Amino acid sequence: MAPRTSRRTTRQSAGQSVHPSTGERGEPRANGRRSTRRRSRGRRIPAQASGEGQAPGGGRANVRRRLLPPLRLRRLLPLLVLVAMMAMLMLRGYVHSEVLADYRVRPEAAADRVPRTILDGGPVVDTRGGQATSMDVPDGRIVLTFDDGPDPRWTPKVLDVLKKHDAHAVFFITGTMASRYPDLVERMVDEGHEIGLHTFNHPDLSYQSKKRIDWELTQNQLALAGAAGIRTSLFRPPYSSSASALDNNSWPVTQYVGSRGYLTVLTGVDSEDWRRPGAAEIIRNSTPDKGKGAIVLMHDSGGDRSQTVRALDTYLPQLQRQGYAFENLTEALNAPSAHTEVTGLELWKGRAWTALVKAADDLTGVLVVGLAVIGFLVFARFGLMLLLSALHTRRTRRRDFVWGPDAPVTEPVSVLVPAYNEAKCIENTVRSLVKSDHPVEILVIDDGSSDGTARIVEDLSLPGVRVVRQLNAGKPAALNRGIANARHDLIVMMDGDTVFEPSTVRELVQPFADPKVGAVAGNAKVGNKDTLIGAWQHIEYVMGFNLDRRMYDVLRCMPTIPGAVGAFRRTALNRVGGMSDDTLAEDTDITMAMHRDGWKVVYAEKARAWTEAPESVQQLWSQRYRWCYGTMQAIWKHRRALIERGPSGRFGRVGLPLVSLFMVVAPLLAPLIDLFLVYGLLFGPTGKTIAAWFGVLAVQAACAAYAFVLDRERLTPLVSLPLQQLLYRQLMYIVLLQSWITALTGGRLRWQKLRRKGQVAAPPGEVAVDGGGAR
Amino acid sequence: MSTRSSDVPVPAAESSPNGPVKESAEGTESGTGTEPESGTEPESGTGPGRDRYFDLLRAIALFRVVFYHLMGWAWLPVVFPSMGVMFALAGNLMARSLGRRGAVEVVGGRLRRLLPPLWLLGAVGVTGMLLGGWGPDEEGHPGWWWLHLTYWILPLSDPPYGEDLPGVQGLIGDDWATAMAVPLWYIRAYLWFVLLSPLLLRAVRAAPWPTILSPVALSAALEFGLLSVPGWRLEAALSDVGAFGACWLLGMAHREGVLRRLPRYVVPSLAPVVAGVGLWYALTHDFREGHDLDDMPFAQSLWSFAAVLLLLHISPSWREWPPGLRRWDRLITLLNSRAVTIYLWHTLCIVVTESLWDHLWSVSALEENTPWLLESPWPQLPFIWLLTAGCVVCFGWVEDLAAGRRPRLWPDGSAQGDARAARRTVLDPAGTPPRS
């Protein structure tokens, strides 16, 4: 979401003042931990401030402690959702042979350790119980075998032809295909065909360990049980051919599989249909010497099998006329069926497996659609942003550009600085305001600070600076009190930890030359961008202000005036009823209210304010959680705009959907990018995945660079962009998911004040005020 | 058999924490000097002023080297590139000393501390090789042999060793001489870095980043055939400079504050990219056990550079141990004080342990029931460290002598030892070394 830097200078009591009776909303005040920190970090602590018990609600510290665990659960849930999605993708990769795939095929080897009788014997090899015998199909019977299926396209056609000519066959299915197309397996069994195992994902077993062979067989049986409720005792090793082709590598596998109770079914006559030599050739290949029985190898999967199907349609009646019977293997050998019913736990395991695979396939389909949507949204947004911000820049940077008939605005301005425990920063803030080149009245509203914030300001005894104290009531209340006490009609609001340039106030109020402008957003910049997390936020802010806000300005639906730097017309504020504490994002709330009241809200790029961004993940998390959840609350609060008439309706039908789409819905799909990145890296195509990722990164870098150029910023912080894509974005969408969960479960969010270090002492290029922790 | 194996630690030039006189003087100096953190913690006055973070890195590096020489896992040098870390720490100390004293004095001091432990190893090792039948005929012409033997005194190139010498039946394996030579390349590279350091420091000051990156460029030039040199001796030297020179220079640059002049987001943003390229290069060039980063100087140079860059970027400069690490203080102190001894002797300890371990095969109960125990290298680890501890006691004193200190058997910085040392110092300021 777009940064706005409203820093919740005051710790809000989440509606305590409005609904004092509803204890549930009441936010317990200072608890022990906070005050300990304050004591150790505060610069000047007046004696009366260090006692905590006097703070209203201070006795309720344990309420807060009890509330903590569900919050942690809410943080866990989004992660669980991601892990679950990833697991489903893994499952899909697994049954699509993209995991554990092994395409090695062993070259031919010596055969001196294979018994002569087997090499010269028939294609059905029985090594069960340590024996080694082989059988062949009696004369006049043909056992058709189809390998590698079931295939959604060709298997039904093969089955149709077999049915038409009343023939039975044996299908050697792979576990992956059977898992994906269980209905076809069921149809095979129902129509009297026999099923044999062809392993789970078709590796050359002579390369595999016994454990892996066991696993291949068990997984294949599991898929079969799930599909048709049976087990089978027939097996054909992948890449096998006739018994005479057994060698020293494949023979031990045959022996081992026999010891597990399987009958190995090799090939007598190879149709070579996989070469696609034409139907006539397939028929010729598949026809045994006159009258002799045979096991014929064909394929119903692994490519275009139209020739096989066409050949079968001729081959079957032709050989039936010659007196051949087409039977499945056990019929041909006059043996009991190879199938056994599966019941109980095994059956349920099989069904659960098939259901899971289906779910994974379906989910993947949905996710792919989601990815397409997010891809479209991302690029559409970038395109729109570039286009509209270029337009905005052209418009506002024209030499003869004026905001309106009243230009230039020179009337004095009231600057409101709500402050809650800002001892570290407030001096820099106030001193920067005093240097303003526009006539200002400065009002510091101390929201019941306990670290002597008010005293610090009073001790400065600067001209034009007033301090208003109130009991802790939250930032909206402090701002309303400030509005009530302000003398002028143009009101600038800022945070207690923000530093203005001398020209900031003047630039910020110039748009009021247009009487239709009700509020102005300034350009908040990260002052502490030296660290990685600072640089990431810097990139985010520069893009957010120079691309997002210009776009929203042109579209006339700017969702938020940043709390760090914004200006309002008193008449507009009065018409919408001042600041409200209905939401956690009172800046978004008031901005939307302005739009609905028909005021223009514009962006003044030259009104720069330097703010201190959170420096720890923890603080960043809580800040963004609040913004995110607050924005959702504000959208919900103003949902009626959707059906209203006039400017409200215009905002409701253009602005709200746009803001919802870009700030709340699109980021929800963003994890898909990472899910598919991981999926692509693991299961391939790895190269293409990486290329695509770098492609998106390049687009992003180009947009960021454009924003930096617009803001005349140095480009060096952009080196942290790749890492931002790998670490920061994820944090942001997990926060968003968490907000969604909070919203859907009706949870509430408390204020969490940032720990400030007072690092942003002055705008760059100026000398910091002494004592401000200048870097 | 290759004598190169990775990892090795440092001739812990400045590594005696409670070493009297000079060390503590340096410590105080560093506390009030250019260190940026000097204001964050009150100087305890008694504290030796060592950067405990560097001590920790050196100890981990040393432990990893021994572990790797036993296990041989290819991924161990990836997890922690000990060699690069050791060179970086050494470069850092070198820059510190050069910042205070003249180049000749510093280089001389370094050589004085580096070489005696090597001479002791040579005295034992070369004698053993001669007894095993190694002689002037080994290299075709006795002249060469005699000439190369001087590398045991001043290792400007790799000292020679007897490759096919028999061991001592049942006690020392056949490959003992080769094993003994495994760590020597590090001494040779270290020596060259020390000799070049005055120049290198000047270059770092004049053009930091081109200087730091030039060894990586050298490595790339060697790897891609843009540069080829005659003779394995020169090639080995250049290849090591290419692989680890950037680490040494980074250590110097860190001391000179070059890293601090970068915005803090730069290193964590770029180092993973460099590391990624190095790892990718390794993985696509037959990375496996027996062919790891040590055999791929180019990949090694990138990976070590990135890892060292990150470690130096983090560098919290601990004047005191964080609470969780305090309990390891004595072990880490010991590892630091005897880094050269442990490094030079551990491969021999591994050979001996392995030979002794083989005797267990004759215990039929073990052979039948727990062959995995006999095959596994894990149970040998404690014995290797036990033998290494023996070497520390037997040969470690030479490090103290080389540093001009009173020799100690077990310099783990324990309070008792300190107290005794302090009392002696008080009673006998002349510091007569105990002869016991």
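Residues numbered from 1 in each chain as written. Chains lettered and ligands numbered in written order. Predicted model: local features only at pLDDT ≥ 70, side-chain atom pairs only at ≥ 80, totals over all residues.

Colleague: What am I meant to see in the overall build of chain B here?
Modeller: Secondary structure summary: chain B contains 19 helices and zero strands in total. Among the 436 residues that make up chain B, the fraction classed as buried is 43%. Considering only contacts in chain B between residues 6 or more positions apart, those separated by 24 or more positions represent 81%. (Helix = DSSP H or I, 4+ residues; strand = E, 2+ residues; numbered from the N terminus. Buried ≥ 20, exposed ≤ 12 C-beta atoms within 10 Å, placed from the backbone. Contact = placed C-beta atoms within 7 Å.)

Colleague: Explain the overall build of chain A to me, please; I cannot follow it from the model alone.
Modeller: Scanning chain A for helices and strands turns up 24 helices and 20 strands. Within chain A, buried positions represent 49% of all 775 residues. In chain A, the share of contacts with a sequence separation of at least 24, taken over all contacts with a separation of at least 6, comes to 82%.

Colleague: What am I meant to see in the environment of B:His291 here?
Modeller: All names here are of chain B. Mapped onto the secondary structure, His291 falls in the loop between helix 11 (266–283) and helix 12 (297–314). Look at His291 and you get partly exposed, because 13 C-beta atoms sit within 10 Å. Note: C-alpha distance between His291 and Ile332 (41 residues apart in sequence) is 30 Å.

Colleague: Would you explain the UniProt feature "transmembrane region" (unreviewed entry) in chain B in this entry?
Modeller: Residue and element names in this part refer to chain B. Mapped onto this structure's residue numbering, the UniProt feature "transmembrane region" (unreviewed entry) falls at residues 72–93, 114–135, 185–204, 265–283, 298–318, 339–357 and 377–398. Between the end C-alpha atoms of residues 185–204 the distance is 25 Å, and the span holds 100% helix and 0% strand. When the span residues 298–318 is considered, its composition is 81% helix and 0% strand, and the gap between its end C-alpha atoms is 32 Å. (UniProt positions renumbered as here; feature names shortened; annotations may be inferred.)

Colleague: What is the right way to look at the environment of A:Ala332 in this model?
Modeller: Looking at the secondary structure, you find A:Ala332 in helix 11 (residues 329–332). For the pair A:Ala332 and A:Leu197, spaced 135 residues apart in the sequence, the C-alpha separation amounts to 19 Å.

Colleague: Help me understand the interface of chain B and chain A, please; the structure alone is not making it clear to me.
Modeller: You'll often see interface size given as the accessible area lost when the parts meet. Counting from both sides, the interface comprises nine residues of chain B and, opposite them, eleven residues of chain A. Here the residues of the side of chain B that touches chain A are counted per class, giving seven nonpolar, one polar and one charged. (Nonpolar A, V, L, I, M, F, W, Y, C, P; charged D, E, K, R; others polar.)

Colleague: I'm lost on the packing of helix 5 (residues 103–131) of chain B against helix 8 (residues 184–206) of chain B in this one. Help?
Modeller: For any two helices packed against each other, the geometry is given by the interaxial angle and the distance between the axes. All names here are of chain B. Two elements in contact, helix 5 and helix 8, have axes separated by 9 Å at closest approach and are oriented at 170°. Comparing their axes, helix 8 and helix 5 come out roughly antiparallel. Of the residues in helix 8, those touching helix 5 at Ala103, Val107, Arg110, Leu111, Leu114 and Leu118 are Ile187, Tyr190, Leu191, Val194, Leu195, Ser197 and Pro198. Here the residues of the contact of helix 5 with helix 8 sort into eleven nonpolar, one polar and one charged. (Axes fitted to C-alpha atoms, helices over the stretch in contact; angles between N-to-C directions. Parallel < 35°, antiparallel > 145°, perpendicular 65-115°, else oblique.)

Colleague: Looking at this structure, how should I read the UniProt feature "domain: Acyltransferase" (unreviewed entry) in chain B?
Modeller: The UniProt record annotates "domain: Acyltransferase" (unreviewed entry) at residues 52–393 of chain B. The distance separating the terminal C-alpha atoms of residues 52–393 of chain B is 24 Å; by composition the span is 69% helix and 0% strand.

Colleague: Can you walk me through helix 9 (residues 208–223) of chain B in this structure?
Modeller: Along an α-helix, residues three or four apart share an orientation, since each turn contains 3.6 residues. All names here are of chain B. Taking 1.5 Å per residue, 16 residues should reach 22 Å; helix 9 reaches 24 Å between its end C-alpha atoms and fits that length. The sharpest bend along helix 9 measures roughly 35° and falls at Ser214, with the proline Pro215 sitting one to four residues further on. Those residues of helix 9 not exposed but buried are Pro208, Thr211, Ile212, Pro215, Val216, Leu218, Ser219 and Leu222. Buried residues belonging to helix 9 abut helix 8, helix 10 (232–255) and helix 12. Positive backbone phi, at 75°, marks Gly225, one or two positions downstream of helix 9. (Expected span 1.5 Å × (residues − 1). Bend = angle between axes of the 7 residues up to and from the residue.)

Colleague: What am I meant to see in unusual backbone geometry here?
Modeller: Note on backbone geometry: most residues besides glycine have negative phi, and most peptide bonds are trans. Residue and element names in this part refer to chain A. For the bond from Gly149 to Pro150, the omega torsion is -5°, close enough to zero to count as cis. One can find Pro150 in the loop between strand 3 (141–149) and helix 4 (154–164). Phi at Thr199 is positive, roughly 70°, even though this residue is not glycine. Note on placement: Thr199 falls in the loop between strand 5 (194–197) and helix 7 (210–228). For Thr199, a count of 26 C-beta atoms within 10 Å gives the class buried.

Colleague: Sorry if this is basic, but what is going on with helix 4 (residues 82–98) of chain B here?
Modeller: Counted at 1.5 Å a residue, the expected span for helix 4 of chain B with its 17 residues is 24 Å, and the 24 Å between its end C-alpha atoms agrees. Counted residue by residue, helix 4 of chain B has 17 buried out of 17 residues, so it is predominantly covered.

Colleague: Explain the confidence of the model for chain B to me, please; I cannot follow it from the model alone.
Modeller: It should be kept in mind that the predicted coordinates are not to be read in detail where pLDDT is low. Residue and element names in this part refer to chain B. Confidence in the prediction for chain B averages 82 pLDDT; 84% of positions are at 70 or higher. Note on residues 419–436: pLDDT under 50 across the span, and eight contacts to partners over four residues away in sequence or across chains. Both scores are given for the predicted complex: the pTM is 0.75, the ipTM 0.77. (pLDDT = per-residue confidence, 0-100.)

Colleague: Any chance you could explain the pairing of strand 13 (residues 413–419) of chain A here in plain terms?
Modeller: Both faces of the sheet carry side chains from a regular strand, because those side chains alternate between them. All names here are of chain A. Counting buried positions along strand 13 yields seven of seven residues, so the element is predominantly enclosed. Burial along strand 13 is two-sided: Val413, Val415, Val417 and Ala419 facing one way and Ser414, Leu416 and Pro418 facing the other are all buried. Strand direction decides the pairing type here: strand 13 and strand 14 (residues 440–447), joined by seven bridges, are parallel. In the strand pairing of strand 14, Val413 is matched with Val440. Taking the sense of rotation as the criterion, the β-α-β connection linking strand 13, helix 13 (residues 426–434) and strand 14 turns out right-handed. In terms of strand pairing, strand 13 meets strand 16 (residues 490–494) through four bridges, oriented parallel. Residue pairing in the sheet places Ser414 in a bridge with Ile491 of strand 16. (Pairing = 2+ DSSP bridges. Right-handed = clockwise from strand over helix to strand, strands pointing away.)

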